Amino acid sequence: MSTLLPAVVILGLWGLSALFGPLLPLQPDHIDLQQILAGPGPGSWLGSDDLGRPLLDRLLMGARTSFSVALGVVLISSLLGTLLGTFAAYTGGAADRILVRIIDVFLAFPGILLAIALAGVMGPGIDNVIIALSIVGWVGYARLARAQVLSLKHRDHITAAVALGTGRIRIVLRHLLPLLASPLIIEATFGIAAMVIAEAGLSFLGLGVQPPAASWGNMIRDGARYMLVAPHMVLAPGVAVMLVVLSVNLLGDRLRDYLDVRI
């Protein structure tokens, strides 16, 4: 619990910043020429960037961007992947074979490179980032759901439900999905960490959120040019990404141990 409490606190601050950041009196786009590349101080806890904008304000607004992208991608990917994997595995036959071939095609490309290509074709913007990462991210959930359903659909309670004339949709909703919840929740937890890094990477490459909107990725990109004279421009968003991803992974590990029936 000692290692989990800091992770919960960090994730709580991340979520609160994303939800209530727009309600705070922040000025992430306010330019102050006298504060260009100013280091942390009493007036600005994290310093200012190359345009004199307060890094703390931009960091809080960047939290909203990463939170929105990570949550949106995980929700869309998990829903789509679970539905496709469950349907294909339970139906079997041609539907299952087609899904397996589609998954093989997607796995033939590195996920982040495919997301970069899709984001480049669709253009920059937070909506296109969510779409591109969702197109890539559903594969893992589909594989997991398919594997679980293949091992569950021949169990006694499923066979009994079929013998009693229960419809396929009811069997999936009442007897299969509840048993899939635990591994899918764990997969989604680690997926959030992966999407935070992916969003930061796309924004770093200029394919994500566009200026003047704040994102941890474009903050790192802007600060990379001033590493020697203003390292705080990179350290602030870099540490934020590291803490959020580490906290999500710690929470995912604890959930995996808690939901493991063998322990």
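Everything numeric in this text was worked out from a predicted model, so none of it was measured.

Conventions adopted
- Residues numbered from 1 in each chain as written.
- Predicted model: local features only at pLDDT ≥ 70, side-chain atom pairs only at ≥ 80, totals over all residues.
- Heavy atoms only, no water.
- Helix = DSSP H or I, 4+ residues; strand = E, 2+ residues; numbered from the N terminus.
- Buried < 20%, exposed > 50% of the residue type's maximum accessible area, 1.4 Å probe, protein only.
- Contact = heavy atoms within 4.5 Å.
- Areas by Shrake-Rupley, 256 points an atom, 1.4 Å probe, with all protein chains shown as cover.
- Lys, Arg positive; Asp, Glu negative; His and termini not counted.
- Charge placed at Lys NZ, Arg CZ, Asp CG, Glu CD.
- 1 Å grid on protein atoms, 1.4 Å probe; cavity = no way out; pocket = protein on both sides within 12 Å on 5 of 7 lines; lining within 4 Å.
- Points joined across faces, edges and corners; volume = space filled by probe spheres on them.
- Nonpolar A, V, L, I, M, F, W, Y, C, P; charged D, E, K, R; others polar.
- Expected span 1.5 Å × (residues − 1).
- Axes fitted to C-alpha atoms, helices over the stretch in contact; angles between N-to-C directions.
- Parallel < 35°, antiparallel > 145°, perpendicular 65-115°, else oblique.
- Left-handed = near helix turned anticlockwise from the far one by under 90°.
- Salt bridge = Lys/Arg side-chain N within 4 Å of Asp/Glu carboxyl O.
- Core = buried A, V, L, I, M, F, W, Y, C linked by side-chain atoms within 4.5 Å.

Student: Is there a simple way to explain the overall build of the chain in this structure?
Tutor: A tally of regular secondary structure across the chain gives nine helices and zero strands. Secondary structure elements of the chain, listed N to C terminal, follow the sequence α-α-α-α-α-α-α-α-α. Its C-alpha atoms give the chain principal-axis dimensions of roughly 75 × 45 × 30 Å. Expressed as a percentage of its 263 residues, the buried residues of the chain come to 41%. A sequence separation of at least 24 residues applies to 71% of the contacts in the chain between residues at least 6 apart. For the chain, the accessible area works out to roughly 13,900 Å², and carbon and sulfur atoms hold 70% of it. Each charge class in the chain can be summarised by its mean position, and for the 17 positive and 15 negative side chains these summaries are 13 Å apart.

Student: Could you clarify how one ought to interpret the environment of isoleucine 98 in this entry?
Tutor: As for its position among the elements, isoleucine 98 is in helix 3 (residues 93–107). Isoleucine 98 sits 45 residues away from arginine 143 along the chain, and the two C-alpha atoms are 13 Å apart.

Student: Would you explain empty space enclosed by the protein in this entry?
Tutor: Gaps between atoms show up when a probe of the same size as a water molecule is rolled over them. A complete count under the given rule lists one cavity of 30 Å³ or more for this structure. Taken as a whole, the largest cavity holds about 50 Å³ of empty space. As for the largest cavity, its lining consists of Asp49, Asp50, Arg53, Leu55, Arg58, Met219, Asp222 and Met233. Put simply, the parts of the chain that give the lining of the largest cavity at least two residues each are helix 2 (55–91) and helix 8 (216–224). Classifying every residue of the lining of the largest cavity gives three nonpolar, no polar and five charged.

Student: Mind showing me how you'd approach helix 2 here?
Tutor: In an α-helix, one turn spans 3.6 residues; hence positions three or four apart end up facing the same way. Along its 37 residues, helix 2 runs 53 Å from first to last C-alpha, staying within 8% of the 54 Å computed at 1.5 Å per residue. Phi for glycine 92, located one or two positions after helix 2, is positive at around 75°.

Student: For this particular structure, what's the right way to read the packing of helix 1 (residues 4–20) against helix 9 (residues 232–259)?
Tutor: Each pair of packed helices can be summarised by the angle the axes make with each other and by the distance between the axes. Helix 9 packs onto helix 1 with a crossing angle of 125° between their chain directions and a minimal axis gap of 9 Å. In terms of orientation, helix 1 lies oblique with respect to helix 9. When you trace helix 1 past helix 9, the crossing you get is left-handed. Listed contacts from helix 9 to Leu4, Ala7, Ile10, Leu11 and Trp14 of helix 1 are Leu243, Val244, Ser247, Val248, Leu250, Leu251 and Arg254. The class makeup of the residues in the contact of helix 1 with helix 9 is ten nonpolar, one polar and one charged.

Student: Where do I start with the pattern of salt bridges in this structure?
Tutor: When the charged atoms of two side chains with opposite charge come close together, those side chains can pair. Scanning all chains against the criterion turns up eight salt bridges. Arginine 53 is paired through a salt bridge with aspartate 49; the nearest N and O atoms lie 2.8 Å apart. Note on accessibility: arginine 53 and aspartate 49 belong to one class, buried. Salt bridges linked by common partners bring Asp29, Asp49, Arg53 and Arg58 together as one network.

Student: Just to check I follow, could you spell out the nonpolar core for this structure?
Tutor: Most often, soluble globular proteins keep nonpolar side chains buried together rather than apart. If you look at the biggest cluster of nonpolar residues, it comprises 45 residues, and the most contacted ones within it are Trp14, Tyr90, Leu133, Leu176, Val196, Trp216 and Val244. At the level of elements, helix 1, helix 2, helix 4 (111–122), helix 5 (126–152), helix 6 (156–163), helix 7 (168–204), helix 8 and helix 9 are the ones that each hand at least two residues to this core. Counting residues per element, this core draws most heavily on helix 7, which supplies eleven residues. Ignoring sequence-local partners within four residues, the contact set of leucine 176 consists of Tyr90, Val149, Leu152, Ile158 and Ile171.

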